[in-house]
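Examining the three-dimensional arrangement
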Amino acid sequence: MSNSLSHRHHDVVVIGGGSAGIAAASAAASNGADTLLVDAGPMVGGELLSGIPIDGCLNTRGEWIVGGFLNSLLDDLKKMGGFVGAFFDWRTIWVVCVDPERMKLAVAHRLREDGAKLLLNSFVDEVVTDGDRVTGIVVLNKSGRTLITADIFLDCSGDGDVAAGAGADYQRGDGKGVFQPVSMVFRMAGVDTGRLLDFARDHPDNLALGENEWLNKSREECLRELIALGYPKVFLKADGPLMSKSIAEGELYPTALLAVIPVSADLRVVAINSTRVANVDATDTGALSATMPSLIDQVWNCQSFVQKRVPGFEEAAFAGIAPRIGIRETRRIVGEETLQGDDVLNAVKRDDGVAKGGHHVDVHGDGTDQLRRPVRDGGSYDIPLGCLLPKGIENMGVAGRCLSADRVAHGSARVMGTCIAMGQAVGTAAAMVCESNVPKPVLGDVPLPALRDRLVSQGAILDGTH
Amino acid sequence: MNWQMTETETDVLVVGGGAAGIAAATTAARNGARTILVNAGPILGGELNYGAPVDGCLTARGEWAVGGFARDFFAACEKYDGYIGPVCDYRALNLVCIDPEAAKLAAIDLVSRADVQVLMYTFTDQAVVDDDGRIQGVVVRNKRGRTFIRAKTVIDATDDGDIAVAMGCEMMVSDAANGSAQSESLLFRMSGVDTGRLLDFVKSAPENFGAMEYPGFAEDAAAAIAGLVKQGQPKVLLTSDGPLLRDAVADGRMYPTSWVAVSPTSTARREVSIHTTVVPDVDATEIAREGVAFDSLHEQISMCADFLQRSLPGFEEAGLSAIDPFVGIRETRQVVGDYVLTGADVLSGKKSEDGVAKGCHELDVHDTAGHRRENVKDGGSYDIPFGCLVARDARNLLVAGRSLSADREAHSTARAMGSCMAMGQAAGTAAAMLSEPGSVSDLRGINLAGLRTLLKEQGAVLDGIS
Ligand SMILES: Cc1cc2nc3c(=O)[nH]c(=O)nc-3n(C[C@H](O)[C@H](O)[C@H](O)COP(=O)(O)OP(=O)(O)OC[C@H]3O[C@@H](n4cnc5c(N)ncnc54)[C@H](O)[C@@H]3O)c2cc1C
Ligand SMILES: Cc1cc2nc3c(=O)[nH]c(=O)nc-3n(C[C@H](O)[C@H](O)[C@H](O)COP(=O)(O)OP(=O)(O)OC[C@H]3O[C@@H](n4cnc5c(N)ncnc54)[C@H](O)[C@@H]3O)c2cc1C
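Residues numbered from 1 in each chain as written. Chains lettered and ligands numbered in written order. Predicted model: local features only at pLDDT ≥ 70, side-chain atom pairs only at ≥ 80, totals over all residues. Heavy atoms only, no water.

The name recorded for chain A in an unreviewed UniProt entry is FAD-dependent oxidoreductase, from Psychromarinibacter sediminicola.

Below you can see the structure in the form of structure tokens.
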């Protein structure tokens, strides 16, 4: 908090170190750009550190639709013993389950290997513009204020703070004050997977199963497959007898789901995604902070509930909450193009795609409400570069949760596998436009065929899948 | 982004949500003051959440030196199944072991139940001071924009005295960071530890473990080891005086370090925290205040966990269970208060009529002369006078926690988290007194006897112990 303003310059500055931002920073740095990654928090990895699985890495058919940075990260994680597995949930999606603690090490390692610089605990305060360009951002941290100038800025802040600060248009939630809920993911250790799966087998009416028509399998078949997998990955649904009774009797808060996710290689630690407070504008910090007491009450309520009611959890102990409140939806920046819900649902392919998504449209509501619609034929859709270019700002890209999409498309593209793919795309594009050394590079000027070639040569998956 | 400056008004503003800040805010609110707590990070509790045992709660003689808020905090940890309680290290200290995951819930629970208005994810920007040297309030910045929080009294519970610095108060900056003491604290947790096997090993190879510096614990070193074993807790200090650690460092299985401290964090998860120091392999000037060290320390964590698993009996089945954000190199920046607590005060166990909190942790300084540790006289306590919490250059700014007014030696003991909570309670109570209608508006005018009485009524320990 000193009054002086220090200054630093980089080719590329990435704001936000979640799944999109780390991919963008690594891609930009490994492609030769001097790259700085700025995050307001004390760690990098965003929701990758919360215990939820990485969705959107494979389509429902089981084809990988994300590669490149994701592969490097998962390879690092495997070496550290933190890769739990990629498998079908016999509901509708493939999930990649990871150990969030080892993920902290893997993310730090990856960024370091790829040469991205880090600036943590630093909040983007101001955005300096000149016409259609962003010339700098001012970050606030314990050293005071720093003006950071760069050729290209990549907004991976989840909330699109920098694009919005530069004057980009955006949409928020449903536009009428409805936002997907915020949640606090938590973990339980000492779970008996065998008992949990026996319970699932004996009481399948509590599980979400076979929700995708393309599967063409009965609930019974799906259940058999799920049990055969042997992972504590069960999705308890609110309208099953166990949860609906507890919710009705007030033993459990109203929620749509209680997803149990394996997060350790020995399958004895699980994350639970269930708590929720809906319709909070998470960019209203006071309102977001005020959800914390309800969220922790729900966490404790839920852990007591599973201990008491869900076989396999009798001996399990509470093992901690995610590093921060999970946010599903705030701003969607208006880009050169907007990803459409129909294109997502119809698995539309494009010649100018730079990333792929395949997650079902997944829009959580208040209490027990949730909209889930699969992508056609278990396939994937393409995200064109235009969805990552905020309209009217020539040297900025966006990736991750704040991409340009309508609300339905956003319900699919917001997952972490897709965020990683988008991040790699904008990071690579940023490095490419900096390579030419032209003054004032324009991100949208990147030659698309060359970008796609570069992405593919670096492991990204852009074609050849459903 | 929302650029306009909003304004809000309160009786007490607490900046920083660590041990001192949560105590100060909860206490101020409980005593009737309208209270706002601002914290930069996504969670409350600061280093209470990192798995280190809470020092400074009981004297070496075993008497409680803190009460009130600290005891409420421990009760809240117990409510969330996370209280192990007082443990003796049979070396120099009694400490209180808690589950840091429960501590996160406990901190939110206490603060929110006291009706403190919390702003997380919020950075401080400027202090507003009038011509009289009164602080009018603080300008904070978060996603909502900029807010001027006007307050009658401000409590600086930031770890570095950020508000005092912003006001231009005189600070004492120790040169520790320029000396040889550039070691970084490494803290992580491992679960699945077999305490029985660990303690059997302690019994059979005691030369590897630190014991017996404070003579009150046992007759001799052998008796201290016996006590440690009998206590039945995984609370041991592996030192490089013994062959196990020394040889591992010598042959490169461990990075150079002189000790590895093991402390229990959860009985249910059979989890311990591991605390060591390490000299980072990056240029110290690079490790700016922003926490850049994160990416360079992950290898050491893996190395230390591997070493323990392979070499320390009881850890064969244990695995890495949690990694917390790095604290960075700790700058020691102290506010100059009306009174500066000295090393001599501490070591002589000095009592004071102005005492508003007590400290009892050992003196523990690293400097160019080496590492010095010494117990408070007779294993007792010393008093922290009110003047240590009053910034000399301001009328209505209190400091609590790590930035209290103390010389380097005194600081090394008074910074213990137990003492931080006690100081927080004292500061919060004083601030609440100032906000009563008709009260004096300068901290110097406060009725100290009244403050002490109120603190004691609310459980604080100020007299009656060694
Ligand atoms: C409860 C929950 C469950 C979910 N379940 C799944 C799931 O199972 N699988 C899945 O794949 N996805 C899931 N999602 C969605 C997914 O986690 C997010 O959409 C995704 O992580 C968004 O990634 P991101 O990189 O865009 O943003 P984030 O991960 O949110 O990262 C943004 C980063 O930017 C930083 N930042 C923000 N503003 C600023 C600023 N002004 N200055 C500096 N830094 C800033 C933040 O500190 C943060 O680190 C879930 C989401 C939630 C909330
Ligand atoms: C090497 C080492 C080891 C230690 N080990 C132990 C131990 O084993 N046991 C023990 O009891 N103590 C230990 N301590 C001491 C102890 O950890 C700290 O001194 C103590 O936690 C400080 O508490 P605090 O409340 O002052 O600050 P913290 O716990 O550091 O909390 C400060 C809070 O304020 C927030 N904040 C900071 N600046 C701002 C700002 N400008 N605006 C908004 N928010 C801000 C931070 O985000 C954080 O949440 C150790 C210290 C050192 C140096």
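Still to come is the rest of the account.
1. Here we look at the domain arrangement of chain B
All names here are of chain B. Heads up, the rule is: Residue ranges assigned to each domain were obtained from an automatic or database domain assignment. In what follows, a contact means two residues having at least one pair of non-hydrogen atoms within 4.5 Å. Buried area: the sum, over both parts, of the accessible surface (1.4 Å probe) that disappears when the two are put together. Criterion for a salt bridge: a side-chain nitrogen of Lys or Arg within 4 Å of a carboxyl oxygen of Asp or Glu. The secondary structure listing takes helices from DSSP runs of H or I that are at least 4 residues long and strands from runs of E that are at least 2 residues long, numbered from the N terminus. Throughout this entry, Asp, Glu, Lys and Arg are counted as charged residues, while Ala, Val, Leu, Ile, Met, Phe, Trp, Tyr, Cys and Pro are counted as nonpolar. The remaining residues, Gly among them, count as polar.
If you check the domain split of chain B, you get domain 1 (5-178 + 331-457) and domain 2 (184-323). Inter-centroid distance (C-alpha atoms) of domain 1 to domain 2 is 29 Å. Listed by partner, the interface residues are 28 residues for domain 1 and 23 residues for domain 2. Contact between domain 1 and domain 2 buries roughly 2,100 Å² in total, counting both sides, with carbon and sulfur atoms accounting for 58%. Counting the surface domain 1 buries against domain 2, the share from its top three residues, Ile84, Tyr90 and Arg91, is 33%. In this structure, the connection of domain 1 to domain 2 is made through 4 salt bridges. As a salt-bridge pair, Asp99 and Arg269 come within 2.9 Å of each other at their nearest N and O atoms. Mapped onto the side of domain 1 that touches domain 2, the elements with two or more residues apiece are strand 4 (83-88), strand 5 (94-98) and helix 3 (100-113). The dominant element in the side of domain 1 that touches domain 2, judged by the number of residues it contributes, is strand 5, at 4 residues. Tallied by class, residues from the side of domain 1 that touches domain 2 come to 14 nonpolar, 5 polar and 9 charged.

2. Thoughts on the pairing of strand 4 (residues 83-88) of chain A
Across a regular strand the side chains alternate sides, sitting on one face of the sheet and then on the other. Stated formally: The criterion for strand pairing is that DSSP finds at least two bridges linking the strands in question.
The pairing of strand 4 of chain A with strand 5 (residues 94-98) of chain A spans 5 bridges and is classified as antiparallel. The residue bridging Phe87 of chain A from the neighbouring strand is Val95 of chain A, located in strand 5 of chain A.

3. Side note on the environment of Leu95 of chain B
All names here are of chain B. With respect to the helices and strands, Leu95 occurs in strand 5. When the C-alpha atoms of Leu95 and Asp130 are compared, they prove to be 43 Å apart, with 35 residues separating the residues in sequence. Dropping the residues within four chain positions of it, Leu95 is found in contact with Pro53, Val54, Asp55, Gly85, Pro86, Val87 and Lys235.

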